[in-house]
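Here is how the chains run, residue by residue.
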Amino acid sequence: MKLLYTDADSLDWERLPAQAKTAQYNRWVDDPRIGGLLSRFVSNPHLWIKEVPLKEYARALENMGRFSQFTAMHYAPPADFIGPVFGPEWRYIPDSQADKPPHCLATDGKTQRYLCWGPPNQFKDLLWAALTIGATESGRPGVALSVRIDAEIDASDRHRNEAIGARCGIEVRYAVRPLRRRP
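Residues numbered from 1 in each chain as written. Predicted model: local features only at pLDDT ≥ 70, side-chain atom pairs only at ≥ 80, totals over all residues. Heavy atoms only, no water.

J.: Which parts of the structure should I look at to understand the pairing of strand β5 (residues 142-147)?
T.: The side chains of a regular strand alternate, residue by residue, between the two faces of the sheet. Burial analysis of β5 places six of its six residues in the buried class, which makes it a mostly covered element. Alternating residues of β5 divide into Gly142, Ala144 and Ser146 and Val143, Leu145 and Val147, and every residue in both groups is buried. Two elements, strand β4 (residues 112-118) and β5, share four bridges in a ladder whose sense is parallel. Bridge pairing links tryptophan 117 to alanine 144 in β5. (Buried < 20%, exposed > 50% of the residue type's maximum accessible area, 1.4 Å probe, protein only. Helix = DSSP H or I, 4+ residues; strand = E, 2+ residues; numbered from the N terminus. Pairing = 2+ DSSP bridges.)

J.: What should I look at first to understand the pairing of strand β6 (residues 171-176) in this one?
T.: Judged from the six bridges that link them, β5 and β6 form a sheet pairing that is parallel. The residue of β6 that forms the bridge with glycine 142 is glutamate 171. Crossover β5 to β6 through helix α8 (residues 155-168) is right-handed. (Right-handed = clockwise from strand over helix to strand, strands pointing away.)

J.: Would you take a moment to explain the sheet that holds β4 for this structure?
T.: Strand pairing in a sheet relies on backbone hydrogen bonds. The paired strands run either parallel or antiparallel. Strand order in the open sheet made by the five strands is β2-β3-β4-β5-β6, with mixed pairing throughout. With partners counted over all chains shown, the strands left at the sheet margins are β2 (91-92) and β6, one partner each.

J.: Quick question: what am I supposed to make of the side chain of threonine 107 here?
T.: Structurally, the position occupied by threonine 107 is in strand β3 (residues 103-107). Within polar-contact distance, the side chain of threonine 107 engages the backbone nitrogen of glycine 109 at 3.0 Å. One polar contact links the side chain of threonine 107 to the main-chain carbonyl oxygen of threonine 111, over a distance of 2.9 Å. In this structure threonine 107 touches Glu89, Trp90, Arg91 and Ile93, once residues within four positions along its chain are discounted. (Polar contact = N/O pair within 3.5 Å; in protein donor to acceptor, adjacent residues only side chain to side chain. Contact = heavy atoms within 4.5 Å.)

J.: Before we go on, may I ask you to explain the state of the cysteines in this structure?
T.: Here a disulfide denotes one covalent bond, and it connects the sulfur atoms of two cysteines. For the structure on display, the rule yields zero disulfides. With no disulfide of its own, cysteine 104 lies closest to cysteine 116 among cysteine sulfurs, the gap being 9.3 Å. Its relative accessible area of 0% is what places cysteine 104 among the buried residues. In this model cysteine 168 remains outside any disulfide bridge; the closest cysteine sulfur is found in cysteine 116, 12 Å from its own. (Disulfide = S-S within 2.5 Å.)

J.: What is the right way to read the packing of aromatic side chains from this model?
T.: For any pair of aromatic rings, the description consists of the separation of the ring centres together with the inter-plane angle of the planes. This model, assessed by the stated rule, comprises seven aromatic pairs. Geometrically, the ring pair formed by tyrosine 5 and tyrosine 57 is edge-to-face, given 5.1 Å between the ring centres and 80° between the ring planes. Separated by 52 residues along the polypeptide, tyrosine 5 in helix α1 (residues 2-11) and tyrosine 57 in helix α5 (residues 57-61) bring together distant segments of the chain. Between the aromatic rings of tryptophan 13 and tryptophan 28, the centroid separation amounts to 5.2 Å while the plane-to-plane angle is 35°, which identifies the pairing as tilted. Of the two residues, tryptophan 13 sits in the loop between α1 and α2 (18-30) while tryptophan 28 sits in helix α2, which places them 15 residues apart along the sequence. Neither tryptophan 13 nor tryptophan 28 differs from the other in exposure class; each is buried. Every member of this aromatic cluster is reached through a ring pair, and the members are Tyr5, Tyr57, Phe67 and Phe70. Here the basic side chain of arginine 113 rests over the ring of tryptophan 90, its NZ or CZ set 4.6 Å away from the ring centre. (Phe/Tyr/Trp six-rings, centres within 6.5 Å; stacked < 30°, edge-to-face > 60°. Lys NZ or Arg CZ within 6 Å of the ring centre and 35° of its normal.)

Below, the structure is given as structure tokens:
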């Protein structure tokens, strides 16, 4: 697992095009330290790599899930980005972080709200989570569209996403979240 995630970290797996991912799956299967070892335990190492550890990779980068200890990289926790993204009055409520999608609860001392985050290409899923799950809290739900430092944000997409959020009563913000090396 550590070898897979070390490679995924070095390849910037989350940004790798589908064709490059397919080629990498094949390299892993052909690697005696990975595919060779796995073939002793699973009948289809390619499928297992794709459906088990690499499906969990995004969660591992968020410090969640059963494989989180295997990635050398991670995103800042919600306690670090809630205030800068949604306003300094909002603070992460300890132990409220969960996944599918990554989310937490935040408070301004009077109100509690649901906040979720993920990449812009998951906007509709994040919006739906904020509409359905977020409605159970007293405060206005929020969606943080998480991008890396060097990401280019299309102004028309940003405007459209913010307008859709406003129409739904959901605060939509963009959050720059660099990957950092795990201590």
